[in-house]
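The primary structure of each chain is shown beneath.
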Amino acid sequence: MDKAQLRGLDIHQIRAHIRSGAYHGDTMGVADGHVQANLVVLPRSVAFEFMVFCQRNPKPCPLLDVTLPGSAVPVLLAPGADLRTDVPRYRVFRHGELVDEPTDIRSLWRDDLVAFLLGCSATFDNALRQAHMPLPFLARGAVPPVYRTAIECEPVGPFHGPVVVTMRPVPRDWVVKAVQLSGRFPSAHGTPVQVGYPEQIGVDLSRPIVGEPIELARDEVPVFWACGVTPQAVAQASRTEWMITHAPAHMFLADRHFEADAVV
């Protein structure tokens with residue numbers, strides 16, 4: 001099944017196809033109007049410190065939901081979902097190294113695991129589309145390139161590392177509007193981290209860590225939003241003993257409509 005076949009299905013049907021193994025692709029432009037979320041799964045022994053890490057780094061790690069130890073059900077975002085099966089592709093880190101990218105983590109699940117769902121900028125992409133902002137790469141279903149920055153997260157316990165960002169080329173006349181619209185969604189990273197000057201945050205546009213470089217048109221400005229891939233960079237920098245995440249751009253799709261997370 002490809003992405004085009006998912007369009008027009010409701011959120012429960014889409015998650016059912018993901019759960020059955022029929023779809024393993026990225027979720028950019030899938031389930032328009034719904035909140036998308038990044039996933040982090042950790043042992044209970046470090047879960048509290050990671051929750052504090054999220055609280056102290058709300059820009060890259062806006063916390064949406066936390067499961068009880070051993071539970072894979074995100075009660076606040078999608079009470080009928082299963083985080084072991086309902087993400088198209090996962091990543092498994094051991095001692096900071098990426099060791100696997102499975103499409104199902106039931107065999108890895110343990111009674112001591114806690115799952116965190118973090119906000120994603122794909123949520124406010126809905127608002128950008130509704131405003132008819134000209135973002136051709138999103139219309140093509142492309143993944144925004146992801147970059148590691150020179151900005152350091154506020155460390156907590158064993159967790160430390162760089163802030164990761166996504167970049168969207170925004171027409172110069174639309175930059176203010178893009179900042180205003182994304183600012184309505186602090187739970188989806190909110191306003192940009194940087195506008196127009198990648199070198200100020202240590203970013204080389206030709207070297208994304210996820211996705212392909214996007215050539216800027218003459219009237220476009222690179223705009224950088226914090227990204228939920230940050231915990232994966234933190235796992236690598238911290239040499240975290242054990243962490244499961246989503247694969248970049250392969251998000252969890254929530255029941256919640258994106259406007260429910262908007263700040264008026």
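In case you missed it, the structure is sitting above this.
If you walk through the whole model with that rule in mind, you get 11 salt bridges. For Asp-86, the salt bridge goes to Arg-19, with nearest N and O atoms at 2.7 Å. With Asp-86 in the loop between strand 2 (63-66) and strand 3 (90-94) and Arg-19 in helix 2 (residues 11-20), this pair connects stretches of sequence that are 67 residues apart. For Arg-91, the salt bridge is made with Glu-101, and the minimal N-O distance between the two is 3.0 Å. Residue Arg-91 is located in strand 3, and its partner Glu-101 is located in the loop between strand 4 (97-100) and strand 5 (113-119); the two are separated by 10 residues in the primary sequence. Given the relative accessible area of 33%, Glu-101 is considered partly exposed.

Right, let's talk about the pairing of strand 5 for a bit. Most of strand 5 is tucked away, with 7 of its 7 residues classed as buried. Judged from the 7 bridges that link them, strand 1 (residues 34-43) and strand 5 form a sheet pairing that is antiparallel. Within strand 5, the position partnered with Leu-39 by the bridge is Leu-117. Both strand 2 and strand 5 contribute to a ladder of 3 bridges, which runs antiparallel. Bridging from a neighbouring strand, Asp-65 pairs with Leu-117 of strand 5.

Turning to helix 2, a few remarks are in order. Buried within helix 2 are the following residues: Ile-11, Ile-14, Arg-15 and Ile-18. Buried residues along helix 2 cover an arc of 95 degrees about the axis, so they all sit on one side. Tucked into the core, helix 2 has its buried residues touching helix 1 (3-6), strand 1 and strand 11 (252-257). N-cap assignment for helix 2: the residue whose side-chain oxygen lies 3.0 Å from the backbone N of His-12 is Asp-10. Gly-21, located one to two residues past helix 2, shows a positive phi value of around 90 degrees.

It is worth spelling out empty space enclosed by the protein at this point. This model, assessed by the stated rule, comprises 2 cavities of 30 Å³ or more. Around the largest cavity, the lining comprises 18 residues; the ones closest to its centre are Met-28, Cys-120, Thr-166, Cys-227 and Ala-249. Split by residue class, the lining of the largest cavity holds 11 nonpolar, 6 polar and 1 charged. Looking at the second largest cavity, its volume works out to about 40 Å³. Around the second largest cavity sit Met-28, Gly-29, Val-30, Ala-31, Asp-32, His-34, Gln-36, Ala-122, Asp-125, Asn-126 and Arg-129, which together line it. Here the element with the most residues in the lining of the second largest cavity is helix 4 (residues 122-130); it accounts for 4 residues. Residue classes in the lining of the second largest cavity are distributed as 4 nonpolar, 4 polar and 3 charged.

Below, the discussion takes up unusual backbone geometry. For His-95, which is not glycine, the phi dihedral falls at a positive 50 degrees. With respect to the secondary-structure elements, His-95 resides in the loop between strand 3 and strand 4. The class for His-95 is partly exposed, based on a relative accessible area of 49%. Its identity as a non-glycine residue notwithstanding, Ala-249 has a phi of 75 degrees, on the positive side. Tracing the backbone shows Ala-249 in the loop between strand 10 (242-246) and strand 11.

Our next topic: the environment of Gly-21. Within the secondary structure, Gly-21 sits in the loop between helix 2 and strand 1. For Gly-21, a relative accessible area of 31% corresponds to the partly exposed category. As a C-alpha pair, Gly-21 and Phe-137 span 116 residues in sequence and 27 Å in three-dimensional space.

With 25 residues, the main nonpolar core has Phe-50, Phe-53 and Phe-116 as its most contacted residues. The element that contributes the greatest number of residues to this core is helix 3 (residues 44-56), accounting for 5 residues. By size, the runner-up hydrophobic cluster in this structure holds 23 residues, among which are Ala-127, Val-170, Phe-185 and Val-221.

A separate point is the state of the cysteines. Under the criterion given, the structure shown has 0 disulfides. Just so you know, Cys-153 is unpaired, no disulfide at all, and the nearest cysteine sulfur is the one on Cys-61, 5.9 Å from it.

What follows deals with the side chain of Thr-240. With respect to the helices, strands and loops of the structure, Thr-240 is situated in the loop between helix 7 (230-238) and strand 10. Look at Thr-240 and you get buried, because its relative accessible area is 9%. With residues near it in sequence (within four places) discarded, Thr-240 still touches Leu-42, Arg-94, His-95, Gly-96, Phe-159, Val-234 and Ala-235.

Basis of the calculations
- Residues numbered from 1 in each chain as written.
- Predicted model: local features only at pLDDT ≥ 70, side-chain atom pairs only at ≥ 80, totals over all residues.
- Heavy atoms only, no water.
- Salt bridge = Lys/Arg side-chain N within 4 Å of Asp/Glu carboxyl O.
- Helix = DSSP H or I, 4+ residues; strand = E, 2+ residues; numbered from the N terminus.
- Buried < 20%, exposed > 50% of the residue type's maximum accessible area, 1.4 Å probe, protein only.
- Pairing = 2+ DSSP bridges.
- Arc of directions from axis to C-beta.
- Contact = heavy atoms within 4.5 Å.
- Polar contact = N/O pair within 3.5 Å; in protein donor to acceptor, adjacent residues only side chain to side chain.
- 1 Å grid on protein atoms, 1.4 Å probe; cavity = no way out; pocket = protein on both sides within 12 Å on 5 of 7 lines; lining within 4 Å.
- Points joined across faces, edges and corners; volume = space filled by probe spheres on them.
- Nonpolar A, V, L, I, M, F, W, Y, C, P; charged D, E, K, R; others polar.
- Core = buried A, V, L, I, M, F, W, Y, C linked by side-chain atoms within 4.5 Å.
- Disulfide = S-S within 2.5 Å.

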